[in-house]
Amino acid sequence: LNLGRHPLGSTTITTLTVTNTGSAPLQIGALTVTGSAAYSANLGTCTSPVAAGGTCQINVTFKPIVAGNPITGTLTIASNASNGTQTVALTGRAP
């Protein structure tokens, strides 16, 4: 998930859409962000089970803390899905 270029110290929130492609309700569990303190995440609209074929949105916040090189991180999404935990690579930068 590329969060783009944002001024140093600014805060940007991007939504990540989660789609339940399974046949049973999907329960999103814990979100973990690693790699940089510039990123955080919250469950957004994913606080209750997502029906089969349904969607919800996770909010990813990016607040650049250093300028120059890309700032990378990883969002780990735990759930009851049969394919287990999912990870999303995060990248952004401050000019």
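Please refer to the structure higher up on the page.
Residues numbered from 1 in each chain as written. Predicted model: local features only at pLDDT ≥ 70, side-chain atom pairs only at ≥ 80, totals over all residues. Heavy atoms only, no water.

Asker: Go over the nonpolar core with me, naming the residues and quoting the values.
Answerer: Formed by 18 residues in total, the largest nonpolar core has its most connected members in Ile58 and Leu75. Counting residues per element, the ones that place at least two in this core are strand E2 (12-19), strand E5 (55-62), strand E6 (71-79) and strand E7 (86-93). When residues in this core are grouped by element, the largest group, four residues, is from E5. Each residue touching Ile58, except ones within four places of it in the same chain, is listed here: Thr14, Thr15, Leu16, Val18, Leu31, Ala41, Asn42, Leu43, Cys46, Leu75 and Ile77. (Core = buried A, V, L, I, M, F, W, Y, C linked by side-chain atoms within 4.5 Å. Buried < 20%, exposed > 50% of the residue type's maximum accessible area, 1.4 Å probe, protein only. Helix = DSSP H or I, 4+ residues; strand = E, 2+ residues; numbered from the N terminus. Contact = heavy atoms within 4.5 Å.)

Asker: I'd like to hear about the sheet that holds E5, residue by residue, with values.
Answerer: The strand order across the open sheet built from three strands is E2-E5-E4, with neighbouring strands paired in antiparallel fashion. Since the sheet does not close on itself, it has two edges, and those belong to E2 and strand E4 (39-42), each with one partner. Here the strands of the sheet are splayed against their neighbours by 25° on average, with no regard to which way each runs. Bridging between E2 and E5 involves eight bridges; their strand directions are antiparallel. Each bridged residue has a counterpart across the sheet, and for Leu16 the counterpart in E5 is Ile58. (Pairing = 2+ DSSP bridges. Axes fitted to C-alpha atoms, helices over the stretch in contact; angles between N-to-C directions.)

Asker: Can you tell me about the layout of surface pockets, naming the residues and giving the values?
Answerer: Here the largest pocket defines a volume of roughly 410 Å³. Around the largest pocket, the lining comprises 21 residues; the ones closest to its centre are Thr19, Leu26, Ser79, Ala81 and Asn83. Mapped onto the lining of the largest pocket, the elements with two or more residues apiece are E2, E6 and E7. Take the lining of the largest pocket: its biggest share by element is four residues, from E2. (1 Å grid on protein atoms, 1.4 Å probe; cavity = no way out; pocket = protein on both sides within 12 Å on 5 of 7 lines; lining within 4 Å. Points joined across faces, edges and corners; volume = space filled by probe spheres on them.)

Asker: Give a description of the packing of aromatic side chains that names residues and reports values.
Answerer: Tallied over the entire structure, the rule returns one aromatic pair. Aromatic pair Tyr39 and Phe62: ring centres 5.0 Å apart, planes at 20°, arrangement stacked. Residue Tyr39 is located in strand E4, and its partner Phe62 is located in strand E5; the two are separated by 23 residues in the primary sequence. (Phe/Tyr/Trp six-rings, centres within 6.5 Å; stacked < 30°, edge-to-face > 60°.)

Asker: Can you explain the sheet that holds strand E3 (residues 28-34)? Please cite residues and give values.
Answerer: If you trace the four strands from one edge of the open sheet to the other, you get E1-E7-E6-E3, paired in mixed fashion. Each having just a single partner strand, strand E1 (2-5) and E3 make up the two edges of the open sheet. Adjacent strand axes in the sheet meet at a mean angle of 15° when their direction is disregarded. Here two bridges tie E1 to E7, and the two strands are oriented parallel to one another. Across the sheet, Arg5 pairs through a bridge with Arg93, a residue of E7.

Asker: Tell me about the state of the cysteines, and please be specific about residues and values.
Answerer: Disulfides are covalent bonds that link the sulfur atoms of two cysteine residues. Within the structure shown, the criterion is met by one disulfide. Here Cys46 is linked by a disulfide to Cys56, with a sulfur-sulfur distance of 1.9 Å. Where Cys46 bonds to Cys56 through sulfur, the torsion about that S-S bond is close to 95°, and the disulfide is right-handed. Taken together, the positions of Cys46 in the loop between E4 and E5 and Cys56 in strand E5 put the pair 10 residues apart, joining distant regions of the chain. Assigned by exposure class, Cys46 and Cys56 land together as buried. (Disulfide = S-S within 2.5 Å.)

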